[in-house]
Amino acid sequence: MRKLLSVALSPVLVAATLLAVQIVRPPAAAHAATPSIPLTYKFGLVAPTGGVLPIHGPDEAFSAAAVGDVDGDGQPDIIAGAMNGHIYGWHTNGQLFLDFQVGGGAIQSSPALVDLDGDGHLDITVGTMDGWVRTISNISGQFKIIVSFRDQCASSAPMCGVFDTPTVADITGDGRPDIIFSSYDQHVYAYRTDGTLNFSHYTYDTMFSSAAVGDI
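Cut-off values and rules
In this convention, every chain numbers its residues from 1, walking through the sequence in written order. Restriction of local features to residues with pLDDT of at least 70 applies here, the model being predicted, together with a cutoff of 80 or more for giving and counting side-chain atom pairs; totals for whole chains, interfaces and linings are based on all residues. Hydrogens and waters are ignored; side-chain quantities use all the structure's heavy atoms. For the purposes of this entry, the term helix denotes a DSSP run of H or I that reaches at least four residues, the term strand denotes a run of E that reaches at least two, and both are numbered from the N terminus. We call a residue buried when its accessible area falls under 20% of the maximum for its residue type, exposed when it is over 50%, and partly exposed in between, using a 1.4 Å probe and counting protein chains only. Working rule for contacts: check all heavy atoms of both residues, and any pair within 4.5 Å makes them a contact. Surface exposure here means Shrake-Rupley accessible area, sampled with a 1.4 Å probe, where a residue is shielded only by the protein chains that are shown. A pair of strands counts as paired when DSSP detects no fewer than two bridges linking them. Inter-axis angles, ranging from 0 to 180 degrees, are taken between N-to-C directions of lines fitted to C-alpha atoms, where helices are fitted over the stretch in contact. Two rings from Phe, Tyr or Trp (for Trp, the six-membered ring) form a pair when their centres sit within 6.5 Å of each other. Planes less than 30 degrees apart are called stacked, planes more than 60 degrees apart edge-to-face, and all others tilted. Here the nonpolar core consists of buried residues drawn from Ala, Val, Leu, Ile, Met, Phe, Trp, Tyr and Cys, with membership extended through side-chain atoms lying within 4.5 Å. Identification of polar contacts relies on pairs of N or O atoms within 3.5 Å, with a donor-acceptor requirement for protein atoms, meaning one able to donate a hydrogen and the other able to accept it, and with residues adjacent in sequence counted only if both atoms are side-chain atoms. For patch building, the residue pool is restricted to those with more than 30% relative accessible area and no salt bridge; the joining distance is 9 Å between like charges and 5 Å between nonpolar side chains (Val, Leu, Ile, Met, Phe, Trp, Tyr). By definition, a salt bridge exists where a carboxyl oxygen of Asp or Glu is found within 4 Å of a side-chain nitrogen of Lys or Arg.

Caption draft 1: View of the overall build of the protein. Secondary structure assignment for the protein yields one helix and 12 strands. With 216 residues in all, the protein has 36% of them scored as buried. Contacts in the protein between residues at least 24 apart in sequence constitute 46% of all its contacts with a sequence separation of at least 6. Split by element, the accessible area of the protein, about 12800 Å² in all, is 58% carbon and sulfur.

Okay, structure coming up:
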């Protein structure tokens, strides 16, 4: 008799459980209508790499594009480094106007667009994975290297190369921009634009982030 009663009550218990779930379940919240934002695909850019020169570090591309007017026409340009050691520049209509080989190593850093020579035009500063930091500038319609120096990578260092994006700021107080960057050799460097080394500091490990400069 007890077994029969237990079986008979089971559906009732199940029904009561389901009913309880339905009672405590909160009602679905009404979603406010979200206005659609039309997006228009303008163009795609593909850097004509022509070879990969990782030297040290990853063999994937990490250089993000930078936007600024580097050719002096008053219009923004799109600048990116590539794995073959070249800097490429495009106009916003997709036209490639700049193809400049900076060094023998891949460019993993994003271009820093700052006027270093004081001519009123943005210059392009990047680091390369073979240890160089170089700046190219548009001089009378021709892009040329105006700043060039490298890390002081010792033979005892496990690897060399500049992965991070160089930071441009006046850290000496002389009113002129300095270039600060880190290297795979576990040092952070600061150079004047004439190539004079301000300082180098051992960081005890490889740095991948760019230097933050501020008065603290």
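Continuing now.
Caption draft 2: The arrangement of the side chain of Asp164 in detail. Topologically, Asp164 is positioned in the loop between β8 (142–150) and β9 (167–169). By relative accessible area, which is 2% here, Asp164 ends up buried.

Caption draft 3: Quick look at the sheet that holds strand β7 (residues 132–139). Strands sit in the order β5-β6-β7-β8 across an open sheet of four strands; the sheet is antiparallel. Whereas interior strands pair on both sides, the edge strands pair on one side only; in this sheet they are β5 (112–114) and β8. Taken pair by pair, the neighbouring strands of this sheet meet at an average axis angle of 25°, ignoring direction. Bridge analysis of β7 against β8 gives eight bridges, and the strand direction is antiparallel. Residue Ile139 lies in a different strand from β8, and its bridge partner there is Gln142.

Caption draft 4: Just the packing of aromatic side chains, in detail. This structure, assessed with the given rule, holds seven aromatic pairs. Judged by centre distance (6.5 Å) and plane angle (35°), the rings of Tyr189 and Tyr191 are tilted. Here the aromatic residues Phe149, Phe181, Tyr189 and Tyr191 are joined through ring pairs into a cluster of three or more.

Caption draft 5: A look at the nonpolar core. Counting 13 residues, the largest nonpolar core has Ile87, Leu98, Ile124, Ile136 and Phe143 as the members making the most contacts within it. When residues of this core are traced back to their parent elements, those giving at least two are β4 (96–101) and β6 (123–127). For Ile87, the residues in contact, after removing those within four places along its chain, are Ile79, Ala80, Leu98, Asp99, Phe100, Val102, Ile107, Ile124, Val126 and Ile136. Ranked by size, the runner-up nonpolar core spans 10 residues in total, among them Phe149, Val162, Val168 and Phe181.

Caption draft 6: The side chain of Thr125, seen in detail. Tracing the chain through its elements places Thr125 in strand β6. Residue Thr125 is classed as buried on the basis of its relative accessible area, which comes to 1%. A distance of 2.7 Å separates polar atoms of two side chains, one belonging to Thr125 and the other to Thr135. Not counting chain neighbours up to four residues away, the residues in contact with Thr125 comprise Ser110, Pro111, Ala112, Leu116, Val133, Arg134, Thr135, Pro166 and Ile179.

Caption draft 7: How the structure looks around a nonpolar patch on the surface. On the surface, Ile171, Phe199 and Val213 cluster together into a nonpolar patch covering about 230 Å² of accessible area. Since its relative accessible area comes to 34%, Ile171 is described here as partly exposed.

Caption draft 8: Examining the environment of Ile87 more closely. When you line up the elements, Ile87 lands in strand β3 (residues 86–91). Each C-alpha atom, one on Ile87 and one on Asp99, is 5.8 Å from the other, the two residues being 12 residues apart in sequence.

Caption draft 9: The pattern of salt bridges, seen in detail. By the definition in use, this model includes one salt bridge. Among the salt bridges present, the one from Asp174 reaches Arg192, with a minimum N-O distance of 2.8 Å. With Asp174 in the loop between β9 and β10 (178–182) and Arg192 in strand β11 (residues 187–192), this pair connects stretches of sequence that are 18 residues apart.

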